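# Overview (structure and organization)
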Amino acid sequence: MTTTIPKVRKSAPKSDTPSRVRRGGGVMSSTGLYIATGVAALLFLIPFYILVRNALSTDAEITGENWTLFPTDIQWGNISELFSDETVPFAQTLWNSAVVATLHTVGVLLVCSLAGYGLARIPYKHANKVFYAVLGTLMVPTAVTFVPSFVLVSSLGWVDTYRGLIIPGLFSGFTCFLFRQYFLGFPKELEEAARMDGLGYWGAYWRVVVPNSLNFFAAMATITFIAGWNAFLWPLVIGQDPSSWTVQVALSSYMTNQTVVFHMIFMATAISILPLVFVFLFLQRWLVQGIAQTGIKG
């Protein structure tokens, strides 16, 4: 008796065309993304190129009809001319801006972080009212409080001083709001463990909350430092003597109703943005991360 073994049909090999299509589509999308990123980066760098090009040119080349990609004769002497100008002590203005922006940043971080932590963590029946009052300060235009602030600073004798430039801006309603939003999402378990060890609110803030929030503090420091360095109107009014000018006030002195010194403006601007570039490059990875930790969703 013979048994017949049934034949097993072999299935046709599966086509790998869809996977190839998917891989091809991924490569094309990545290429398009790189091209778009490169174009965006190029457009972003064009103003910096123009700034450096004009800083090393003469006024005739800056305003001339025949534009060249690079100056025919690089004017390195513009740098020495900028710092040797007796009418504008540019080196002193850089120092003033560095001192004002640094102390302003430290003060704002301390004051606003304490205020935000208190509003987020310390139980108080009027906490919401205080928070709404802080938000209300964001609705008040700066022009409304400018004159009263100047009268107060002038009566204290703080004109042409670092105190007059720094102290009036130590509180920021927006920065306080950001700190409160961040501390609301901070793990309470860490603070409860600190209180079990005998720490109060100040001890928990300084020894537990701050060391575990350095990313957010770095992000706020970056934003605050840039704002302090670029401040113009308040330093213009308070710093009446050239020795107390900040770098932004010094930049405005090269452009008057009678004359505009183009090469000095561009050279001073190029040098003045270098500290901001270094700060941003050093702290950029914390900037987006810190803002994302506030709980604000766009």
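Here, the structure is the one placed above.
My aim in this report is to walk through the structure given alongside it, one point at a time. (Residues numbered from 1 in each chain as written. Predicted model: local features only at pLDDT ≥ 70, side-chain atom pairs only at ≥ 80, totals over all residues. Heavy atoms only, no water.)

## Some thoughts on the overall build of the chain
- When you go through the chain residue by residue, the secondary structure sums to 15 helices and zero strands.
- Here the chain holds 298 residues, and 34% of them are scored as buried.
- For the chain, contacts bridging at least 24 residues in sequence account for 74% of all contacts bridging at least 6.
- Put simply, the chain shows about 18,900 Å² of open surface, and 68% of that area lies on carbon and sulfur atoms. (Helix = DSSP H or I, 4+ residues; strand = E, 2+ residues; numbered from the N terminus. Buried < 20%, exposed > 50% of the residue type's maximum accessible area, 1.4 Å probe, protein only. Contact = heavy atoms within 4.5 Å. Areas by Shrake-Rupley, 256 points an atom, 1.4 Å probe, with all protein chains shown as cover.)

## So, unusual backbone geometry
- Of note, aspartate 160 is a non-glycine position whose phi angle comes to about 65 degrees, a positive value.
- Relative to the assigned elements, aspartate 160 resides in the loop between helix H6 (142–155) and helix H7 (162–166).
- The exposure class assigned to aspartate 160 is partly exposed, which follows from its relative accessible area of 31%.

## A look at the environment of isoleucine 122
- Following the sequence through the fold, isoleucine 122 ends up in the loop between helix H4 (90–121) and helix H5 (127–137).
- Each C-alpha atom of the pair isoleucine 122 and tyrosine 201 lies 7.8 Å from the other, and the pair is 79 residues apart in sequence.
- When residues no more than four places from it in sequence are discounted, the contact partners of isoleucine 122 are Tyr117 and Tyr201.

## A look at the pattern of salt bridges
- Following the criterion strictly, the structure yields one salt bridge and no others.
- The closest approach of N and O atoms between arginine 121 and glutamate 191, which form a salt bridge, is 2.6 Å. Here glutamate 191 lies in helix H9 (residues 188–196) and arginine 121 lies in helix H4, a separation of 70 residues in the sequence. Side by side, arginine 121 and glutamate 191 carry an identical accessibility label, which is buried. (Salt bridge = Lys/Arg side-chain N within 4 Å of Asp/Glu carboxyl O.)

## Points about the layout of surface pockets
- If you add up the space inside the largest pocket, you get close to 1,200 Å³.
- In terms of lining, the largest pocket is formed by 35 residues, of which the most central are Thr142, Pro168, Gly169, Phe171 and Ser172.
- Those elements giving two or more residues to the lining of the largest pocket turn out to be H4, H6, helix H8 (173–184), helix H11 (214–230) and helix H12 (233–238).
- Broken down by element, the residue count for the lining of the largest pocket peaks at six residues, all from H6. (1 Å grid on protein atoms, 1.4 Å probe; cavity = no way out; pocket = protein on both sides within 12 Å on 5 of 7 lines; lining within 4 Å. Points joined across faces, edges and corners; volume = space filled by probe spheres on them.)

## Observations regarding the packing of H9 against helix H10 (residues 201–209)
- Contact pair H9 / H10: the axes reach a minimum separation of 10 Å and the direction vectors enclose 125 degrees. Comparing their axes, H10 and H9 come out oblique. For the pair H9 and H10, the crossing hand works out as right-handed. Here H9 contributes Leu190, Glu191, Ala194 and Arg195 to the contact with H10, which in turn contributes Tyr201, Ala204, Val208 and Val209.
- Of the residues contributing to the contact of H9 with H10, the split by class is six nonpolar, no polar and two charged. (Axes fitted to C-alpha atoms, helices over the stretch in contact; angles between N-to-C directions. Parallel < 35°, antiparallel > 145°, perpendicular 65-115°, else oblique. Left-handed = near helix turned anticlockwise from the far one by under 90°. Nonpolar A, V, L, I, M, F, W, Y, C, P; charged D, E, K, R; others polar.)

## A short note on the environment of threonine 175
- Counting through the fold element by element, threonine 175 comes out in helix H8.
- Assessed through its relative accessible area of 9%, threonine 175 is described here as buried.
- It is 8.7 Å that separates the C-alpha atoms of threonine 175 and threonine 224, two residues lying 49 residues apart in sequence.
- Look past the residues within four positions of threonine 175 in its chain and what remains in contact with it is Val108, Cys112 and Met220.

## Examining the packing of H4 against H8
- Closest axis-to-axis distance for the H4/H8 pair is 7 Å, and the angle between their directions is 50 degrees. As judged from the angle between their axes, H4 and H8 are oblique. The crossing of H4 and H8 is right-handed. Each of Val108, Leu109, Cys112, Ser113, Ala115, Gly116, Tyr117, Leu119, Ala120 and Arg121 in H4 lies in contact with H8, whose residues at this interface are Thr175, Cys176, Phe179, Arg180, Phe183 and Leu184.
- Per-class residue counts for the contact of H4 with H8 are eleven nonpolar, three polar and two charged.

## Observations concerning the nonpolar core
- Among the nonpolar cores identified, the biggest contains 25 residues, and Tyr117, Phe179, Phe183, Tyr205, Phe216 and Met220 are the most heavily contacted of them.
- Listed by contribution, the elements that provide at least two residues to this core are H4, H5, H8, H10 and H11.
- Setting aside residues no more than four positions away along its own chain, tyrosine 117 makes contact with Ile122, Phe183, Glu191, Arg195, Tyr201, Ala204, Tyr205 and Val209. (Core = buried A, V, L, I, M, F, W, Y, C linked by side-chain atoms within 4.5 Å.)

## Re a nonpolar patch on the surface
- Residues Ile35, Val39, Leu42, Leu43, Ile46, Ile50, Trp67, Leu69 and Phe70 make up a contiguous nonpolar surface patch of roughly 930 Å² in combined accessible area.
- With respect to the helices and strands, the residue isoleucine 35 is situated in helix H1 (residues 17–55). (Patch = residues over 30% accessible without salt bridge, like charges linked within 9 Å, V, L, I, M, F, W, Y side chains within 5 Å.)

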